[in-house]
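Notes for the structure review
Each chain, written out:
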Amino acid sequence: MPVVDDLLPGMLHLARDSGATLTRQLTDQLRHLITEGRLAPGQRLPSSRQLAQSLALSRNTVSFAIEQLAAEGYLSLSAGRRPVVAEGLSLDRRKMSPRSSRAGSERIGLSSWARGLQRAGWPPVHDGRPRPFQPGLADEREFPHDVWSRCLRRAARTAPLRRDRPINHRPLQEALLGHLVVHRGIKAKADQILIVPTAQSGLTLIADALLERGDHAWIESPGYGGANVALHAAGAIVSAIPLDAQGMAVPSRKEAPRLIFVTPSHQYPTGRLMPIGRRLELLRFAEATGACIIEDDYDGEFHYEARPVAALQGLATSPRVFYLGTFSKATYADIRFGYLVVPEALIGHFELAQRHMGMLTSIAMQDALAEFIASGAYLGHIRRMTRLYKGRRDRMLQALAAAAGDCLAIEAPAGGMQLLARCSRPANDRQLSARLLDADVASRPLSSMLYHKTDEQGLFLGFAAWNEKEIDQAARILGRILR
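The residue count restarts for each chain, going from 1 along the sequence in the order it is written. Only residues with pLDDT of at least 70 are given local features in this predicted model, and only at 80 or more are side-chain atom pairs given and counted; all residues enter the totals for whole chains, interfaces and linings. As a rule here, side-chain values come from all non-hydrogen atoms in the structure, and water together with hydrogens is ignored.

1. Re the state of the cysteines
Disulfides are defined in this document as cysteine sulfur pairs within 2.5 Å. Summed over the entire model, instances satisfying the criterion amount to zero disulfides. No disulfide involves Cys-423; its nearest neighbouring cysteine sulfur is the one of Cys-407, lying 8.7 Å away. With a 1.4 Å probe rolled over the protein chains alone, any residue whose accessible area is under 20% of its type maximum counts as buried; one over 50% counts as exposed, and the rest are partly exposed. Take Cys-423: its relative accessible area is 16%, and that puts it in the buried class.

2. Topic: helix α8 (residues 170-184)
Each helix corresponds to a stretch of at least 4 residues labelled H or I by DSSP, and each strand to a stretch of at least 2 residues labelled E; elements are numbered beginning at the N terminus. For a helix, the expected span equals 1.5 Å multiplied by the number of residues minus one. For α8, spanning 15 residues, the distance from its first C-alpha to its last is 20 Å, which sits close to the expected 21 Å at 1.5 Å a residue. Here α8 has its buried residues at Leu-172, Gln-173, Ala-175, Leu-176, Leu-177, His-179, Leu-180 and Arg-184. Should any heavy atoms of two residues lie within 4.5 Å, those residues are considered in contact. In this fold, the buried residues of α8 make contact with β3 (193-196), β9 (321-326), β10 (338-341), α14 (363-374) and α15 (377-404). Immediately downstream of α8, the backbone of Gly-185 shows phi near 70°, a positive value.

3. Description of the packing of α15 against helix α17 (residues 468-482)
A fitted line through C-alpha atoms serves as each axis, taken over the contacting stretch for helices, and the angle formed by two N-to-C directions is quoted from 0 to 180°. Running from N to C, α15 and α17 point in directions that differ by 30°, and their axes come no closer than 8 Å. Our classification of the angle between α15 and α17 gives roughly parallel. The interaxial crossing formed by α15 with α17 has right-handed handedness. Between α15, through Arg-392, Arg-395, Met-396, Ala-399, Leu-400, Ala-403 and Ala-404, and α17, the contact on the second element is made entirely by Glu-468, Ile-471, Asp-472, Ala-475, Arg-476, Leu-478, Gly-479 and Leu-482. Side-chain classes are defined by residue name, with Ala, Val, Leu, Ile, Met, Phe, Trp, Tyr, Cys and Pro counting as nonpolar, Asp, Glu, Lys and Arg as charged, and the others, Gly among them, as polar. In terms of residue class, the contact of α15 with α17 is made up of nine nonpolar, one polar and five charged. Between 65 and 115 degrees an angle is taken as roughly perpendicular, under 35 as roughly parallel, over 145 as roughly antiparallel, and anywhere else as oblique. Crossing chirality is assigned from the near helix's rotation relative to the far helix, an anticlockwise turn below a right angle marking it left-handed and a clockwise turn marking it right-handed.

4. Topic: the environment of Arg-422
Here Arg-422 is to be found in strand β12 (residues 418-423). In the structure, Arg-422 is positioned 15 residues away from Cys-407 in sequence and 8.5 Å away in space, judged by C-alpha atoms. Setting aside chain neighbours within four positions, we find Arg-422 in contact with Thr-270, Arg-272, Cys-407, Leu-408, Ala-409, Glu-411, Leu-446, Glu-456, Gln-457 and Gly-458.

Here it is as structure tokens:
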């Protein structure tokens, strides 16, 4: 076997003024030489005495390094013999051509779901700071951070005292139920509410728990991209149902679905409110066909024109509606918790699935939210922001009308945090959105939310997070680029 008595000391560079000990340096450098292939399998190293003399180290230092590498499997030791580099340890990348390296990466297979994510165009990514008119954002500057901080501190102090730690914190379930019963017309018991990391994870949980591969599912078009992605990931055959003035209409020539996703309180992205007649029609269809409905009430707290229509879940005569909500819209983006109201008969199944999929949230955060709601701070904040957001919606409508003229056709939403501006003239909304972003104005192209064949073009624009000055400035930029 070859020996490296003379060469090895020159391959090692030990710094006596380094923060690392000489033993650590020697161990790390020998390990590196072996994994890089510079010390080949089968090569014999100098004895600990020889190596210590060559490097002007104590024999104990060298012995400790060799014994450590032997324990890790890099060296083979036997009585009276020099250490030998173990077989099969080289990770020598110098022998790999760039072509073979790329081929190795290409051989890593991705699932069809992962391969399709880029084509899905969801979620939209806005790098850097939020910019007008980025949709889906609440104004965190207006959030009562001092009150929320006190709730967090109290929850953290009481954490060691908790003995019973279910994954869905009972005080939060009860506080949230009280709010949903009064303000959204929900009919449920507290333990039907599951707390999940985000509304999107709750949507994924429902889809995975209800759908078999090849089942049919319906989504709105235009509609929420997160639903499209989650249903496809669960193996569903997804049909896009075009909307009319009242929202999703039950089509007569479609395969009966296992699952229907709708946003009846503020349709995403048109902002339309589904009237009671259409809601009852959808519920009767679900009852007749055995379909289940996911009702996404993503910003249902904010209504500007009249008293809100009760949630679909509260109208249901049978347990076929799964109600989905989020705290991120009514509070601010950092509080990303979502929640589900599941049928009572399925509580055990869904809690087990929730654990299995790791969709768990901090009990301390749940405790803080429970206090925030029970104290009245949550409802007080919603009422204040409803007044503020209504004013911003009106300012947005005025600013866009002044800046864009008849280039945009805008429906004033009866609630919510964003609006849809359709292009009145031929345009490419994806290119328009990209040009706006270059000018520091964020938007979402309507065409990216359409799942049926149509020539509709437009921009989805958020107004909730921006004050009047920011709205006016961004509207002028939009108008200039649009013209």
